Amino acid sequence: MPITKGHGNPDWTREETVLALDLLYKHDKPIDRKHADVLELSKLLRDAPIHPVEKRKDSFRNPDGVALKLQNLFSAVEPGRGLTYSQTDQKVVLEFPKTEAKKLARLARVIRNSFQGDLKPRGDDEEEFIEGGWLTSRHRKREGRLRKKLLQRHKDGGLRCEICDFEPPDLEHEIQESFFEAHHRIPLSEAEEQRSTKVSDLSLLCACCHRFIHKIIATRKEWVSPSKAREILAEAKR
């Protein structure tokens, strides 16, 4: 059994666990710490900006640790093998059984590509979407960058929230715009795979409803469209 000597390192995130499970399914069994794929994943995780450098030890996500994680996940996939596994391991395995290996591989590819960005890790007080904290942070940053384009599109037609129908008071246009934010209509994993985002892929939401729909997605662990959020809000008012 590999010796990780990783005590004190940050816990494995959902994204890291997704990558490890994808590797396990690729080989259909745990592989040795000297295997090229283990070495590659170890390097990827050590280079990824998910965890602050000051919180890592020298053993952070080393090949021994990656190999052990594959064994732990194998125990989660096929219980009764004696090794322990974390709640995150169990959740990811339940969400992505072997029958969903292709779906898992797609998400793993998106996560790998997202590591090429320059974002800092999210704050601990920010809720996660169903794809994980790292993609959530990227998603929020992209929404912020695209907000101006969306507001420009609505400049002549008036500003109105697509969920609650809120319209701003009669103030200067720049002040009216401060009530609104951009929101992707499509799931994060799909948005990440696009080279560019069309303005038609965005919804104009008031700040309250933007927070509202993000919290619904995080709480229910499923993607919720603005139209569905509108239905949820209407039902709650009845």
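What counts, and at which threshold
Residues numbered from 1 in each chain as written. Predicted model: local features only at pLDDT ≥ 70, side-chain atom pairs only at ≥ 80, totals over all residues. Heavy atoms only, no water. Core = buried A, V, L, I, M, F, W, Y, C linked by side-chain atoms within 4.5 Å. Buried < 20%, exposed > 50% of the residue type's maximum accessible area, 1.4 Å probe, protein only. Helix = DSSP H or I, 4+ residues; strand = E, 2+ residues; numbered from the N terminus. Contact = heavy atoms within 4.5 Å. Polar contact = N/O pair within 3.5 Å; in protein donor to acceptor, adjacent residues only side chain to side chain.

On to the nonpolar core, then. Judged by nonpolar contacts, the single largest core of 28 residues is most densely connected at V18, L19, L21, L41, L70 and F115. Those elements that provide at least two residues to this core are helix 1 (14–27), helix 2 (36–47), helix 3 (63–77), helix 4 (87–95) and helix 5 (101–114). Here the element with the most residues in this core is helix 1; it accounts for 7 residues. Among all residues touching L41, those that are not within four sequence positions of it are L19, A20, L23, V66 and R112. Counting residues in hydrophobic clusters, the runner-up holds 21 residues, among them L151, C161, I163 and I213.

Moving on: the environment of D32. Tracing the chain through its elements places D32 in the loop between helix 1 and helix 2. In the structure, D32 is positioned 31 residues away from P63 in sequence and 8.7 Å away in space, judged by C-alpha atoms. Setting aside chain neighbours within four positions, we find D32 in contact with V38 and A67. At 2.8 Å, the side chain of D32 forms a polar contact with the backbone nitrogen of K34.

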